[in-house]
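# Chain and residue survey
Spelled out from the first residue to the last, the chains are:
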Amino acid sequence: MYTHLQRDVSRPPVTLSTLARMKAEREKIACLTCYDASFAVLLDQADVDVVLVGDSMGMVIQGHDTTVPVTMDQMVYHSATVARGLHRPFQITDLPFMSYPSKDLALAHSVRLMQEGGAQMVKLESGGKQTEIVEFLTGHDIAVCAHVGLKPQSVHKTGGFRVQGREQDTAQRLLKEAQQLEAAGADLVLLECIPAALGKMITEALQVPVIGIGAGPDTDGQILVLYDMLDITTGRKPRFVRNFLEGAAHNNLEAVQAYVRAVKSGEYPAPEHCF
Ligand code: KIV
């Protein structure tokens, strides 16, 4: 019992209480995605606070054009490999496309991600109907991250990977959705691809920590897809991506350390990374 107490006490594991304290003390939360044990060990060494086993895996590892083909079994497999490499960072794992169409399926799949995949929190693309699902999961003491803004699992319905909330009415809807998700018990909110001003407004309106990707400099933390910031992915990258292997870093560890420093100091994201 309490085996983490037997590990390196100078680096206690990040918990939801740690993240709440960081928001209160305005210490930026540095997050990255990860899909395997080797990179998990490296991210831990670099003092990344939160690691997300994202369904972006479908695009950067599996070579699909979207995250839609990713299955539950694949998420469980990659989540478990990442969990084996982590000690300090808090681990979130994505519920993949259509794994949470009902409360019962969402619960059964969250249990798999936690029991077989070692996740400490599950993330689901949220708003509207999913608010009830978030309430159901958190009512069962499952830690939940609500993903708001650009929702990659819905790209075929919404017409592509586009910045969300540019217009006054959609910005108001996203703010309201984030507040409803917090009221439903969401412990963390992730904002993807929204104007920086809206990122600031939502972050200030919520008590829970808010992590942004392409959501401006004022969210409580930042996240990037690991393979984007290490420049492993080819082709045109989104505006918010910065290549951290460029410049002073000589290897992957130094690049991730540079990212953590840039997030903590507020140097990343710069105006050219924002909408
Ligand atoms: O799957 C993923 O990588 C994500 C990003 C938006 C962080 O959800």
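Residues numbered from 1 in each chain as written. Predicted model: local features only at pLDDT ≥ 70, side-chain atom pairs only at ≥ 80, totals over all residues. Heavy atoms only, no water.

Looking only at helices and strands, one finds 11 helices and 8 strands in the chain. Taken against the 2.2 N^0.38 rule, which gives 19 Å for 275 residues, the C-alpha radius of gyration of the chain at 17 Å falls within 12% of a compact globule. C-alpha extents for the chain along the principal axes are approximately 45 × 45 × 40 Å. Taking all 275 residues of the chain together, the buried fraction comes to 56%. (Helix = DSSP H or I, 4+ residues; strand = E, 2+ residues; numbered from the N terminus. Rg over C-alpha atoms; globule rule 2.2 N^0.38 Å. Buried < 20%, exposed > 50% of the residue type's maximum accessible area, 1.4 Å probe, protein only.)

Listed as buried for helix 2 (residues 37-45) are F39, A40, L42, L43 and D44. Packed against the buried residues of helix 2 are strand 1 (29-33), strand 2 (50-53), helix 4 (72-85), helix 10 (226-229) and helix 11 (252-265). The opening residue of helix 2, the one whose side-chain oxygen lies 2.9 Å from the backbone nitrogen of S38, is D36. Just past helix 2, the residue D47 takes up positive phi, approximately 70 degrees. (Contact = heavy atoms within 4.5 Å. Polar contact = N/O pair within 3.5 Å; in protein donor to acceptor, adjacent residues only side chain to side chain.)

Taken as a whole, the largest pocket encloses approximately 760 Å³ of empty space. Every element with two or more residues in the lining of the largest pocket is listed here: helix 3 (57-60), strand 4 (121-125), strand 6 (188-192) and strand 8 (221-224). Residue composition of the lining of the largest pocket, by class: 16 nonpolar, 8 polar and 10 charged. (1 Å grid on protein atoms, 1.4 Å probe; cavity = no way out; pocket = protein on both sides within 12 Å on 5 of 7 lines; lining within 4 Å. Points joined across faces, edges and corners; volume = space filled by probe spheres on them. Nonpolar A, V, L, I, M, F, W, Y, C, P; charged D, E, K, R; others polar.)

Before going further, it helps to examine empty space enclosed by the protein. This structure, assessed with the given rule, holds 1 cavity of 30 Å³ or more. In this model, the largest cavity occupies a volume close to 40 Å³. Lining the largest cavity are C31, V50, L52, I92, K123, C145, L188, L190, I211 and I223. Listing elements by their share of the lining of the largest cavity, those giving two or more residues are strand 2 and strand 6. Broken down by class, the residue content of the lining of the largest cavity amounts to 9 nonpolar, no polar and 1 charged.

The next point concerns the site of the ligand. All residues in the neighbourhood of the ligand are listed as T33, L52, G54, D55, S56, D94, K123, H147, E192, I213, I223 and V225. The side chain of D94 places a nitrogen or oxygen atom 3.1 Å from an oxygen atom of the ligand. Surface burial for the ligand is 96%, taken as the share of its 260 Å² of free accessible area covered by protein chains. Judged by its atoms lying within 2 Å of the grid points, the ligand is housed in the largest pocket. Residues of the shell around the ligand, tallied by class, amount to 4 nonpolar, 4 polar and 4 charged. (Near = heavy atom within 4 Å. Areas by Shrake-Rupley, 256 points an atom, 1.4 Å probe, with all protein chains shown as cover. Sits in = over half its atoms within 2 Å of the grid points.)

Read around the closed barrel, the 8 strands follow the order 1-2-3-4-5-6-7-8; overall the barrel is parallel. Strand-to-strand twist in this sheet, taken as the mean axis angle between neighbours without regard to direction, amounts to 25 degrees. Bridge count between strand 4 and strand 5 (residues 144-149): 4 bridges; the pairing is parallel. Residue pairing in the sheet places V122 in a bridge with V144 of strand 5. Along the sheet face, helix 11 touches strand 1 and strand 8 and points at about 140 degrees away from the line of strand 1. (Pairing = 2+ DSSP bridges. Axes fitted to C-alpha atoms, helices over the stretch in contact; angles between N-to-C directions.)

Mapped onto the fold, S56 is located in the loop between strand 2 and helix 3. Among the residues examined, S56 registers a relative accessible area of 14% and is labelled buried. Excluding residues within four positions of it along the chain, S56 makes contact with T33, Y35, T67 and V225.

What follows concerns the packing of helix 8 (residues 168-183) against helix 9 (residues 196-205). The N-to-C vectors of helix 8 and helix 9 enclose an angle of 25 degrees; their axes lie 10 Å apart at closest approach. Here helix 8 is positioned roughly parallel relative to helix 9, judged by the angle of their axes. With respect to the hand of their crossing, helix 8 and helix 9 are arranged in right-handed fashion. Of helix 9, the residues touching helix 8 (which contributes A171, L174, L175, A178, Q179 and E182) are L198, M201, I202 and A205. Tallied by class, the residues present in the contact of helix 8 with helix 9 amount to 8 nonpolar, 1 polar and 1 charged. (Parallel < 35°, antiparallel > 145°, perpendicular 65-115°, else oblique. Left-handed = near helix turned anticlockwise from the far one by under 90°.)

Moving on, we get to the pairing of strand 4. Within strand 4, 5 of the 5 residues are buried, leaving the element largely enclosed by the surrounding structure. Taking every second residue as pointing to the same face, both faces of strand 4 are buried, with M121, K123 and E125 on one and V122 and L124 on the other. As defined by bridge partners, strand 3 (residues 90-94) adjoins strand 4 across 3 bridges and the pair is classed as parallel. Looking across to strand 4, one finds that I92 is bridged to M121.

Our next topic: the packing of aromatic side chains. Under the counting rule described, the total for this entry stands at 6 aromatic pairs. Both rings, one in F244 and one in Y268, keep their centres 5.6 Å apart while their planes meet at 80 degrees; by these two values the pair is edge-to-face. In this pair, F244 is assigned in the loop between helix 10 and helix 11 and Y268 in the segment after helix 11, connecting sequence segments 24 residues apart. Y268 shares its class with F244; the two are buried. (Phe/Tyr/Trp six-rings, centres within 6.5 Å; stacked < 30°, edge-to-face > 60°.)

Interpretation note: all reported values are geometric properties and have no functional meaning in isolation.
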